[in-house]
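Architecture and fold: a report
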Amino acid sequence: MTRQVFFYDQPERFVAGTVGQPGARAFYLQASARGRITSVLLEKTQVAALAERIDEVLDEALRRSGGGDATIPASAPQDLLDTAPLDLPLEQEFRVGTMALAWDAVDSCLVVEAQALVEDEEGEGEGAAVFEDDENGPDMLRVRLSGAMARVFAKRALDLVAAGRKPCPFCNLPLDPEGHLCPRANGYRR
C-alpha cells in the first residue's frame, strides 16, 4: 500500500485539541485549509513535547537571526489565538508514532511532520523507524507554518496539556474526581 502524505502549506488552521473529559481525553492534531480537514491521534506527552520543541526551535531561529527576523514573534500574537474546538467531522487518519521539526530559513517557516505509528511483527509500536520520502513508508501529515502561527499552536497546545486533572498536593499524580490512592499517604484514599 502506498503512503498517503497529507500536506498543508500555510493552512488556515493548525491546532491541537481534545475529545473527552480530563483523565479520559483523546488528543488530536488537526490541520485544515479550503474545506479539507486532516486529524491525527496522538498522546498527551507527544503534544507537550511538540509544543515545547516548537518554542525552542523558534527561539533558536530568532537568536540566530540576531532578533531581526520579523517573521518570528517572541511570543504568540494575541490577535491570532485560536480557542475554538476541533472542526467536525473528526475522522482520525492515523495514530502518530514519530514526529519531526525543522526551520526552513529560506522560506522563514516551520515544518512539522507527524508519521503514522509503525507496528512490528510482535504488534508493538516501533518509534525509531524514519522513512524519509519512501513511497511505501507510513502515512504522514506535513505542515508548513509561519513563525506567528507556530507560536500560536505551541501556546494553545501547552494550555491544553495544562488544563488536565489537578495534581495531588502530596504526590503530584493526577487527581481523579473520585480521589486516588496516594503513595505518600501510604495507600489511603484522598
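The text that follows walks through the structure, step by step, so that each part is easy to find. (Residues numbered from 1 in each chain as written. Predicted model: local features only at pLDDT ≥ 70, side-chain atom pairs only at ≥ 80, totals over all residues. Heavy atoms only, no water.)

Digging into the pairing of strand S5 (residues 92-104)
Filter applied, for reference: We call two strands paired when DSSP finds no fewer than two bridges between them. Counting from the N terminus, the helices are the DSSP runs of H or I reaching at least four residues and the strands are the DSSP runs of E reaching at least two.
Two strands pair when backbone bridges link them, and strand S4 (residues 36-42) and S5 are joined in this way by two bridges, in the parallel orientation. Its bridge partner lying in S5, Leu41 is registered against Arg95. Pairing of S5 with strand S6 (residues 109-116) involves eight bridges; the strand directions are antiparallel. Counted as the bridge partner of Val96 is Ala116 from S6. Counting the residues that bridge the hairpin from S5 to S6 gives four residues, and of these Ser108 lies at a positive phi of roughly 50°.

Re helix H1 (residues 44-64)
Stated formally: A helix is expected to reach a length of 1.5 Å times the quantity of its residues less one. Each residue is placed in one exposure class: buried if its accessible area under a 1.4 Å probe, protein chains only, is under 20% of its type's maximum, exposed if it is over 50%, and partly exposed if it falls in between. Two residues qualify as a contact provided that any one of their heavy atoms is within 4.5 Å of a heavy atom in the partner residue.
Taking 1.5 Å per residue, 21 residues should reach 30 Å; H1 reaches 30 Å between its end C-alpha atoms and fits that length. Taken residue by residue, H1 has Gln46, Val47, Ala48, Leu50, Ala51, Ile54, Val57, Leu58, Ala61 and Leu62 as its buried positions. Looking at the packing, one finds that the buried side of H1 touches strand S2 (13-19), strand S3 (26-33), S4, S5, S6 and helix H2 (147-162). Just downstream of H1 lies Gly66, where phi reads positive at about 75°.

Section: the environment of Phe170
Positionally, Phe170 belongs in the segment after H2. With 14 residues separating them along the chain, Phe170 and Arg184 place their C-alpha atoms 6.4 Å apart.

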